[in-house]
Amino acid sequence: MDKFAQLKTLREHRQYAEDKHEASREAYERDYSRLIHSPTFRRLQGKSQVFGAGTGDYYRTRLTHSLEVAQIARQAAKSLLTRHPEIREEQADNPGLIIHPEVVECASIAHDFGHPPFGHKGEEVLASILDDWIASKTTEALRGKSVTEQEYERIHGEMRAKYEHFEGNAHNFRLIMFLEKRENLDGLNLCDAVLLGINKYPYSGIDNKKGLYEREWQYIRDIRHRWSIPDGKTTLEAQLMDLCDDIAYSAHDLEDGIKAGKIEVHEHFMNDPHIHKLIIEKIMTLEDWFWKDWEYDGIALKVEEVLTAYLRVWREKLPTCGNDYSRTRREVKAYWVNHFVSQLGVINEADWKKITFVSHGREDDDMLRTVSVLKSFAWVTMIRDLRVQRLQKRSEWIIRRLWKAFIDQETSMAIMPSDWLQRFQQDQASDHPVWTWERMIIDYIAGMTDAFAEKIYNELYGLKVGSIYDVD
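Computed from a predicted model, the values in this text were never measured in an experiment. (Residues numbered from 1 in each chain as written. Predicted model: local features only at pLDDT ≥ 70, side-chain atom pairs only at ≥ 80, totals over all residues. Heavy atoms only, no water.)

### Observations concerning the pattern of salt bridges
Side-chain pairs of opposite charge can arise whenever the charged atoms involved come near each other. What the rule picks out here adds up to 41 salt bridges. Between arginine 14 and aspartate 31 there is a salt bridge, and its shortest N-O distance comes to 2.6 Å. Separated by 17 residues along the polypeptide, arginine 14 in the loop between α1 (3-12) and α2 (27-36) and aspartate 31 in helix α2 bring together distant segments of the chain. Each member of the pair, arginine 14 together with aspartate 31, is buried. For arginine 154, the salt bridge is made with glutamate 151, and the minimal N-O distance between the two is 2.7 Å. Placement of both arginine 154 and glutamate 151 in helix α7 (residues 149-163) is noted, with a separation of three residues, approximately one turn of the helix. On the accessibility criterion, arginine 154 (41% relative accessible area) is partly exposed. Each of the salt bridges in this network shares a partner with another, and the network as a whole consists of Glu164, Arg174, Arg215, Glu216, Arg439 and Asp443. (Salt bridge = Lys/Arg side-chain N within 4 Å of Asp/Glu carboxyl O. Helix = DSSP H or I, 4+ residues; strand = E, 2+ residues; numbered from the N terminus. Buried < 20%, exposed > 50% of the residue type's maximum accessible area, 1.4 Å probe, protein only.)

Dropping the structure here:
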């Protein structure tokens, strides 16, 4: 078998062997179909991007965001392939150093599958709930005992391994590899190339808070070993998906903010010292390497530079769009997307390769900072908006009270959907159960749309209830 065939075999391998009756379609085409026909994909239309899902028919949801990321990523992949033939399937030396447009598109479609209801706030609350549960179970196990700090950490580690953690990217894999159903298999049984294309945090959750849950990590770790991927490195397809996600955030969320009136594109707003201060403070909380050792004054200059450039582009586009704000919004968004995508390239990085912004053959870390400033600008002007904050406060109450309603197994089995109970019983009867009851409840809540979470909350606690014939 030649090298191309070997790499293709590795990339198209699936965890579970399948009947070849679908051989008329390429492996990645089948994966794309499985993803967009999955219930999880459809639920993205009911999950918040920034503004609450259902806020208006203009604003982005997780679904439209994912589709936009997929479009940007596919076009970027095609562009990179024309300029970097070494990343083509026929020429690459490692299955992880290949760019296939359809794999990148699949990864982009699935990259936000694991986000719970109510956006980042929902993720934060579910993570906090599990952390508190683990701490309480540790305290319970040690009650009445005098133990050393090392003994406490050991017991806490055992509870952490038992109940794990919650993280949106990790939950992606819980959905794709376990919760989704396909014939007699758990999960969608995607190609290894697509799984690694989604995996931007290649760690166990025990070692890294953004890492995977243990069941899914065992298989992802095995693929990485077979592919000889260095520790901590990700495939080029995962890198491209991640960058295109950032590009989409930096351009598209600003468009939504302008439409909503949260961002005003004029000199007084763009030069507002308070807004600049909020952006700088947000950037100083980031852990991105390209901000390392940057002090307040240096960040302030970069923020001023980027917002000045944004205002300049707006002023240039406005007259060519006939002073139509709606047209201008779209053209400015398109300008920044094209600006960023055109600068993408491939560079060597130690014993691996990296997709990043490139200028004169070297990584353009200043472009990475530009994207970061625009993302932070969108964050502080929208996420910190009064009404968005009120929505987030309400969403925290909803999620915490749903957890309280379902946490006691004995009393809550009667209010859980029958298919989840059946799945739980099957899991408990297996040789290596994935779930505890508490972990299953977290997965159940995480899969809800914003509206469904509100519905269940209202049925349990509110005055407004739906018909008993509504389908869960």
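### Some remarks on helix α5 (residues 101-110)
Burial of α5 is extensive: ten of the ten residues sit out of reach of the surface. Among the residues of α5, those classed as buried are Pro101, Glu102, Val103, Val104, Glu105, Cys106, Ala107, Ser108, Ile109 and Ala110.

### As for the sheet that holds strand β4 (residues 352-359)
Taken in spatial order, the three strands line up as β3-β4-β5 in an open sheet, and their pairing is antiparallel. Since the sheet does not close on itself, it has two edges, and those belong to β3 (344-349) and β5 (362-363), each with one partner. For β4 and β5, the ladder comprises two bridges, and the chain directions are antiparallel. From the neighbouring strand, serine 359 faces β5, where its bridge partner is arginine 362. Of the strands in this sheet, β3 and β4 touch helix α4 (residues 62-83), which is tilted by about 60 degrees from β3. Strands β4 and β5 of the sheet are contacted by helix α16 (residues 365-383), whose axis makes an angle of about 75 degrees with β4. (Pairing = 2+ DSSP bridges. Contact = heavy atoms within 4.5 Å. Axes fitted to C-alpha atoms, helices over the stretch in contact; angles between N-to-C directions.)

### As for the side chain of lysine 353
Topologically, lysine 353 is positioned in strand β4. Nearest to the buried, unbridged lysine 353 among oppositely charged side chains is glutamate 86, at 4.8 Å. Of the polar contacts made by the side chain of lysine 353, one reaches the side chain of asparagine 348; its length is 2.8 Å. Sequence-distant contacts of lysine 353, that is, excluding residues within four places in its chain, are made with Glu86, Leu97, Leu236, Gln239, Val346, Ile347 and Asn348. (Lys, Arg positive; Asp, Glu negative; His and termini not counted. Polar contact = N/O pair within 3.5 Å; in protein donor to acceptor, adjacent residues only side chain to side chain.)

### Comments concerning the packing of helix α11 (residues 236-259) against α16
Between α11 and α16, whose axes approach to 9 Å, the crossing angle comes to 40 degrees. Here α11 lies oblique to α16, going by the angle between them. Crossing geometry of α11 relative to α16 is assigned as left-handed. Only Leu368, Val371, Leu374, Lys375, Phe377, Ala378 and Met382 of α16 make contact with α11, whose side of the interface consists of Leu243, Asp246, Tyr249, Ser250, Asp253, Leu254, Asp256 and Gly257. Residue classes in the contact of α11 with α16 are distributed as nine nonpolar, two polar and four charged. (Parallel < 35°, antiparallel > 145°, perpendicular 65-115°, else oblique. Left-handed = near helix turned anticlockwise from the far one by under 90°. Nonpolar A, V, L, I, M, F, W, Y, C, P; charged D, E, K, R; others polar.)

### Quick word on helix α14 (residues 296-320)
For α14, built from 25 residues, the straight-helix expectation of 36 Å at 1.5 Å per residue is met to within 8% by its first-to-last C-alpha distance of 37 Å. Contacts from the buried residues of α14 go to α11, α12 (267-270), α13 (273-284), α15 (325-341) and α16. Backbone geometry just after α14 places glycine 322 at a positive phi near 65 degrees. (Expected span 1.5 Å × (residues − 1).)

### Details of the packing of aromatic side chains
One pair of aromatic rings is described through two measures. These are the centre distance and the angle between the planes. Scanning the entire structure with this criterion turns up 16 aromatic pairs. Between tryptophan 133 and tyrosine 163, the aromatic rings sit 6.2 Å apart at their centres with planes inclined by 90 degrees, giving edge-to-face as the arrangement. In this pair, tryptophan 133 sits in helix α6 (residues 119-142) while tyrosine 163 sits in helix α7, placing the two residues 30 residues apart along the sequence. By the burial criterion, tryptophan 133 is buried, and tyrosine 163 matches it. Taken together, a centroid distance of 5.2 Å and an interplanar angle of 90 degrees make the contact between phenylalanine 424 and tryptophan 437 edge-to-face. A residue pair is termed long-range when its members are at least 10 positions apart, and phenylalanine 424 in helix α19 (residues 418-429) and tryptophan 437 in helix α20 (residues 437-446) qualify at 13 residues. (Phe/Tyr/Trp six-rings, centres within 6.5 Å; stacked < 30°, edge-to-face > 60°.)

### With respect to unusual backbone geometry
When glycine is set aside, most residues are seen to have a negative phi, and most peptide bonds are trans. Of note, glutamate 183 is a non-glycine position whose phi angle comes to about 50 degrees, a positive value. Residue position: glutamate 183 is located in the loop between β1 (181-182) and β2 (185-186). Under the relative-accessibility criterion, glutamate 183 is labelled exposed at 76%. The phi dihedral of asparagine 323 is positive, around 55 degrees, even though this residue is not glycine. Positionally, asparagine 323 belongs in the loop between α14 and α15. Under the relative-accessibility criterion, asparagine 323 is labelled exposed at 54%.

### Some words on the pairing of β3
Direction of pairing for β3 relative to β4: antiparallel, over a ladder of six bridges. Among the inter-strand pairings, glutamate 349 is bridged to a residue of β4, identified as tryptophan 352. Counting the residues in the hairpin turn of β3 and β4 gives two residues, including alanine 350, whose phi is positive at 55 degrees.

### As for a nonpolar patch on the surface
A contiguous nonpolar surface patch, about 220 Å² in accessible area, is contributed by Ile415, Leu460 and Tyr461. Here leucine 460 lies in helix α21 (residues 450-461). On the basis of relative accessibility, which here comes to 33%, the residue leucine 460 falls in the partly exposed class. (Patch = residues over 30% accessible without salt bridge, like charges linked within 9 Å, V, L, I, M, F, W, Y side chains within 5 Å. Areas by Shrake-Rupley, 256 points an atom, 1.4 Å probe, with all protein chains shown as cover.)

### Overview of the side chain of arginine 174
The topology assignment puts arginine 174 in helix α8 (residues 168-179). Here aspartate 443 takes part through its side chain, which lies 3.1 Å from a polar atom of the side chain of arginine 174. Residues in contact with arginine 174, not counting those within four places in the same chain, are Glu164, Leu179, Tyr213, Glu216, Val434, Trp435, Arg439 and Asp443.

### Details of the packing of α6 against α7
Closest axis-to-axis distance for the α6/α7 pair is 9 Å, and the angle between their directions is 130 degrees. Taken as axis vectors, α6 and α7 run oblique relative to one another. Judged by the twist between their axes, the crossing of α6 over α7 is right-handed. Residues Leu130, Trp133, Ile134, Lys137, Thr138, Ala141 and Leu142 of α6 form the contact with α7, whose own contacting residues are Tyr152, Ile155, His156, Met159, Arg160 and Tyr163.

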